[in-house]
Amino acid sequence: MYELPPLRYALNALEPYISERTVDIHYHRHHQGYLDKLNNFLNSVNYDYRYSLEELINHIDEFPINIRGQILYNAGGVLNHNLYWNSIGPGNKNIPVGTIKEAIDKEFGSFENFKEEFMKQAGLVVGSGWTFLVINGEGKLEIINTSNQETPYLYGLKPIMALDLWEHAYYLDYQNRRDQYISNFFQIVDFDMINKLYEKEK
Ligand SMILES: [Fe+2]
């Protein structure tokens, strides 16, 4: 069975930007919910858990066609949330450092430009979806949006930073003020973690 990585911080560590209640429900019910459904679908076909979650996405054609959509949706939900919790954290790590700083400056001109572009893309998400910073096939950084629980791995892209724009991510704290949730994401974004992932994946 696949398992959730433990949260790296306390449930209240993201306050005041994201409340303890939101993190609790988001991690223990929504994230866990995608995982449980994924395991159930996979167990229903006696899957042997030979693949990592990323590999599972690329081997989806090995599964019965009538459950592929559910596997992709729930595996995407798990992967996207794993990355979301990794992308944020306490401790004021919200300024890019190291290799990722160089790459952001090179691709976007400056961190300020990058931030503006990321927030602009996030503002364009309609319905439930995500904004990601990804490494594309040419090894360059790109900001993309996906719908529902679509994962960038589906398109051969390696996501290194994720912003959850489903209402469950912010509604208790922000109600309709999604723009404020998006800009506060940049208060708690964790570029130490994003840099580590970038150095591993690039
Ligand atoms: Fe979510």
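Provided above is the structure to which this section pertains.
Residues numbered from 1 in each chain as written. Predicted model: local features only at pLDDT ≥ 70, side-chain atom pairs only at ≥ 80, totals over all residues. Heavy atoms only, no water.

Participant: In this structure, what is going on with the coordination of the iron ion? I would like to understand it.
Facilitator: Ideal values differ by geometry: the angle at a metal is 109.5 degrees with four tetrahedral donors, but 90 or 180 degrees with six octahedral donors. Only His26 (NE2), His81 (NE2), Asp164 (OD) and His168 (NE2) from the protein coordinate the iron ion, and they sit 1.9 to 2.2 Å from it. Written as a sequence motif, the donor residues of the iron ion are H-x54-H-x82-D-x3-H. With histidine 81 in helix α3 (residues 65-87) and histidine 168 in the loop between β3 (158-164) and α6 (171-174), this residue pair connects regions lying 87 residues apart in the sequence. (Donors = N, O, S within 2.8 Å, 3.2 Å for Na, K, Ca; no water. Helix = DSSP H or I, 4+ residues; strand = E, 2+ residues; numbered from the N terminus.)

Participant: What am I meant to see in the pairing of strand β1 (residues 129-135) here?
Facilitator: Along any regular strand, the residues point their side chains to alternate faces of the sheet. When you tally the buried positions in β1, you get 7 out of 7 residues, the bulk of the element. Burial along β1 is two-sided: Gly129, Thr131, Leu133 and Ile135 and Trp130, Phe132 and Val134, pointing in opposite directions, are all buried. By the bridge criterion, 7 bridges tie β1 to strand β2 (residues 141-147) in an arrangement that is antiparallel. In the sheet register, valine 134 faces β2, and the bridge partner there is glutamate 142. Examined bridge by bridge, β1 and β3 share 6 bridges and lie antiparallel to one another. Residue pairing for β3: phenylalanine 132 is matched across the bridge by alanine 162. (Buried < 20%, exposed > 50% of the residue type's maximum accessible area, 1.4 Å probe, protein only. Pairing = 2+ DSSP bridges.)

Participant: Can you help me understand helix α1 (residues 20-43) in this one?
Facilitator: Along an α-helix, residues three or four positions apart point the same way, because every turn accommodates 3.6 residues. Across its 24 residues, α1 extends 33 Å between first and last C-alpha, which sits within 8% of the 34 Å expected from 1.5 Å per residue. Among the residues of α1, Thr22, Val23, Ile25, His26, Tyr27, His31, Tyr34, Leu35, Leu38, Asn39 and Leu42 are the ones counted as buried. Taken together, the buried residues of α1 touch α2 (53-58), α3, β3 and α6. (Expected span 1.5 Å × (residues − 1). Contact = heavy atoms within 4.5 Å.)

Participant: Sorry, what's going on with the side chain of serine 87 here?
Facilitator: With respect to the secondary-structure elements, serine 87 resides in helix α3. Of the polar contacts made by the side chain of serine 87, one reaches the backbone oxygen of leucine 83; its length is 2.7 Å. A polar contact is formed between the side chain of serine 87 and the backbone nitrogen of alanine 162, at a distance of 3.0 Å. Those residues in contact with serine 87 that lie beyond four places of it in its chain are Ile160, Met161, Ala162, Ile188, Val189, Asp190 and Ile194. (Polar contact = N/O pair within 3.5 Å; in protein donor to acceptor, adjacent residues only side chain to side chain.)

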